[in-house]
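Reading the structure
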Amino acid sequence: MNLYVKNNTFWFELENLARLFFPDEKITVYKEFSEVSEPFIFTELGEKITVKIKIGGFAEESFAERSRDNAENELRTVKLVYKALVKFSSVEQAWGLLTGVRPIKLFRKIVGESGEAEAERRFLNEYFVSRERFELAKLTEKNERRILSLSRPESFSLYVGVPFCPSRCSYCSFVMASVERAKKLIEPYTSLLCEEIKATAKIVNSLGLRLESVYFGGGTPTTLSARQLRRVLTAVNDSFDMSTCREFTVEAGRPDTIDEEKLFALKENKVDRISINPQTLSDSVLSAIGRKHTAEQFLNAFETARRCGFDNINTDLIAGLPTDTVEGFKHSLNTVTDDLKAECVTVHTLCMKRAANLTTEGKTFDKDEALAARAMQDYARQKLSSLDYIPYYLYRQTRMVGNLENVGWSKRGYESLYNVYVMDETHTILACGSGGVTKLKNPETDYLTRIFNFKYPYEYIDRFDELLNRKAQISRFYGTNAVDYSLE
């Protein structure tokens, strides 16, 4: 697909919009050109706003008045393109023309500036968001407020990354290493991770920051042995002031990495929330996506976690997985809610990241799959709401099947604080481990800056001293963005 932009600067937004309708095609942007080639989307900001689209036998030309406000010109152009592409495809996007990751944050911003009625008008009439998604956004934002109110100017959360998994899932694009290929790295990585945790805590303690939540992600943290898990968990508990920590989550995501010894290691070290993530309870779908476990192994792992005393367990499911059906998805969700009574259920939509095996092997989108994924998400919303689960955080990604969303649902009082904080960018997130990204936030100005750890485990190990030197940026940030953290 060729995208031509003339006399305007919002090509990035137009490219993202085009990708909603052509997610498996390359979008080529032309800012300087003398002629256009089909298929194309052409936009011009002249005396008036002009949009022309030619795709096969479909042709559309539309116009709008030009405004003195460039932001308004952008919105008017995007609306014209969106309407034309809806006409071409016969598909209205669930989130309309919104392409951002954080629609809840946008909703909250509009409410804060202009009130809820204006937020509703813009979402429905300006952004063409469906009524169902608007209501979901409104309810999610309401449920987030209590969690956001817990954060203070001196608050931060800690992320610890363990980039190892038993195998790579076909939809995964995260930097991780399979145990088979990286076994020799795990022990030195664990030792250095403990050192990074201690170094980070030393800085935190000198600055007087307040720990709100801890989240172990990956990869799959429970790929580590029970002994290695205890070492890393002990490093956190011994190094940070845990008296203010409201939540300690560990992703025990792959059922084939869980046993009683590891679960007791978590329980003994103040972990009060875990995730056990089947993604689906269909063995044939699990095989199709490269998961090396069965549905029965997931059920056994969940039962073991209950036996070990865990009373806040999240499960992840994915709508739109290859070979899955709407009925198959319903079975997975019903089992998790009706039989297991999981406290939290996070319903993701399959995201076709460019680095994922599904994408590199040629998997593309089609309309039927998008409609099936929407039916799955709609069923999840109705089912979970009927059982008094509440949506407490929501985010979106590019290249999602059906341009849908990921939603965290929970029983009241079991919401994951960390998920809300990281998605809202409420306060500083300090990251340890390869692939980790520290986000430093000034609570007075909302200014954000990032510190990137090395992506790959071997880099993390080989360049660890360099990584530790980067930690000095934390002290410099808080020194130059001084805030009075004295407690009343």
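In the block above lies the structure referred to throughout.
This text gives an overview of the structure that appears in the document.

Conventions used here
Residues numbered from 1 in each chain as written. Predicted model: local features only at pLDDT ≥ 70, side-chain atom pairs only at ≥ 80, totals over all residues. Heavy atoms only, no water. Helix = DSSP H or I, 4+ residues; strand = E, 2+ residues; numbered from the N terminus. Rg over C-alpha atoms; globule rule 2.2 N^0.38 Å. Buried < 20%, exposed > 50% of the residue type's maximum accessible area, 1.4 Å probe, protein only. Contact = heavy atoms within 4.5 Å. Areas by Shrake-Rupley, 256 points an atom, 1.4 Å probe, with all protein chains shown as cover. Lys, Arg positive; Asp, Glu negative; His and termini not counted. Charge placed at Lys NZ, Arg CZ, Asp CG, Glu CD. Pairing = 2+ DSSP bridges. Axes fitted to C-alpha atoms, helices over the stretch in contact; angles between N-to-C directions. Salt bridge = Lys/Arg side-chain N within 4 Å of Asp/Glu carboxyl O. Arc of directions from axis to C-beta. Polar contact = N/O pair within 3.5 Å; in protein donor to acceptor, adjacent residues only side chain to side chain. Phe/Tyr/Trp six-rings, centres within 6.5 Å; stacked < 30°, edge-to-face > 60°. Lys NZ or Arg CZ within 6 Å of the ring centre and 35° of its normal. Disulfide = S-S within 2.5 Å. Parallel < 35°, antiparallel > 145°, perpendicular 65-115°, else oblique. Core = buried A, V, L, I, M, F, W, Y, C linked by side-chain atoms within 4.5 Å.

This paragraph deals with the overall build of the protein chain. Looking only at helices and strands, one finds 17 helices and 18 strands in the protein chain. Scaling as 2.2 N^0.38, a compact globule of 488 residues should have a C-alpha radius of gyration of about 23 Å, and the protein chain matches this with 24 Å. Summarising its shape, the C-alpha atoms of the protein chain cover approximately 65 × 55 × 45 Å along the three principal directions. In the protein chain, buried positions account for 57% of the 488 residues. Taking the contacts inside the protein chain whose residues are at least 6 apart along the sequence as the reference set, 73% of them involve residues at least 24 apart. In the structure as shown, the protein chain presents an accessible area of about 21200 Å², 48% of it carried by carbon and sulfur atoms. Mean positive and mean negative side-chain charge positions of the protein chain (67 and 69 charges, respectively) differ by 2 Å.

Here the focus is the sheet that holds strand β3 (residues 40-45). Across the sheet, five strands lie side by side as β2-β1-β3-β4-β5; this open sheet has mixed pairing. Sheet topology places β2 (28-30) and β5 (58-65) at the edges, where each strand pairs with a single neighbour. Across the sheet, the axes of successive neighbouring strands diverge by a mean angle of 10°, strand direction being ignored. Sheet analysis places strand β4 (residues 48-55) next to β5, joined by eight bridges and oriented antiparallel.

Under the counting rule described, the total for this entry stands at 45 salt bridges. The salt bridge involving Arg-450 is made with Glu-425; its shortest N-O contact spans 3.7 Å. Taken together, the residues span a long stretch of sequence, with Arg-450 in strand β18 (residues 448-452) and Glu-425 in the loop between α14 (417-424) and β16 (428-432) at a distance of 25 residues. Connected through salt bridges with shared partners, the residues Lys-79, Glu-118, Arg-121, Arg-122 and Glu-126 form a single ionic network.

Once that is clear, we can look at the environment of Glu-74. For Glu-74, the position within the fold is in helix α2 (residues 70-89). Exposure remark for Glu-74: the relative accessible area of 25% places this residue in the partly exposed category. Remark: the alpha-carbon pair of Glu-74 and Val-236, spanning 162 residues in sequence, is separated by 47 Å. Setting aside residues no more than four positions away along its own chain, Glu-74 makes contact with Phe-10 and Glu-13.

Here the focus is helix α8 (residues 260-267). Among the residues of α8, those classed as buried are Lys-262, Leu-263, Ala-265 and Leu-266. Looking down the long axis of α8, one finds its buried residues gathered within 155° of arc, a one-sided arrangement. Buried residues along α8 sit against α7 (226-239), β10 (247-251), β11 (273-275) and α10 (295-307). Capping the start of α8, Asp-259 holds a side-chain oxygen 3.2 Å from the backbone nitrogen of Glu-261, two or three residues further along.

In this section: the packing of aromatic side chains. Within this structure, the stated rule accounts for 27 aromatic pairs. Plain terms: the ring middles of Tyr-447 and Phe-477 are 6.2 Å apart, the flat faces sit at 15° to each other, and that makes the pair stacked. Separated by 30 residues along the polypeptide, Tyr-447 in the loop between β17 (437-441) and β18 and Phe-477 in helix α17 (residues 472-480) bring together distant segments of the chain. With a centroid separation of 5.3 Å and 80° between ring planes, the pair formed by Phe-477 and Tyr-478 is classed as edge-to-face. Both residues of the pair, Phe-477 and Tyr-478, belong to the buried class. Ring-pair connections join several aromatic residues into one group, and the members of that group are Tyr-4, Tyr-30, Phe-33, Phe-40 and Phe-42. Sitting over the ring of Phe-454, Arg-470 keeps its end group 4.3 Å from the ring centre.

Per the stated rule, a full pass over the model turns up zero disulfides. The cysteine Cys-245 is free of any disulfide, with Cys-432 supplying the nearest cysteine sulfur at 14 Å. According to the relative accessible area criterion, Cys-245 is buried, its value standing at 18%.

Here we take up the packing of helix α3 (residues 103-114) against helix α5 (residues 131-150). Close contact between α3 and α5 brings their axes to 9 Å; oriented N to C, the two are set at 80°. With respect to α5, the element α3 is oriented roughly perpendicular. The residues of α5 that touch α3, namely those facing Ile-104, Phe-107 and Arg-108, are Phe-134, Ala-137, Lys-138, Thr-140, Glu-141, Glu-144 and Leu-148.

With that out of the way, let us pick up the pairing of β17. Of all five residues making up β17, four are buried, and the element is well covered by its neighbours. Across five bridges, the pairing between β17 and β18 is antiparallel. Among the inter-strand pairings, Thr-438 is bridged to a residue of β18, identified as Ile-451.

So, about the nonpolar core. By size, the foremost hydrophobic cluster in this structure holds 124 residues, and its most contacted members are Phe-123, Leu-158 and Phe-240. Among the elements that take part in this core, helix α6 (residues 179-207) stands out by supplying 10 residues, more than any other. Setting aside anything within four residues of it in sequence, one finds Phe-123 in contact with Trp-95, Leu-98, Pro-103, Leu-106, Phe-107, Ile-110, Phe-128, Val-129, Phe-134 and Ala-137. Of all hydrophobic cores here, the second largest spans nine residues; its members include Tyr-392, Tyr-393, Leu-417 and Met-423.

Function cannot be inferred from these measures alone, as they are strictly geometric.
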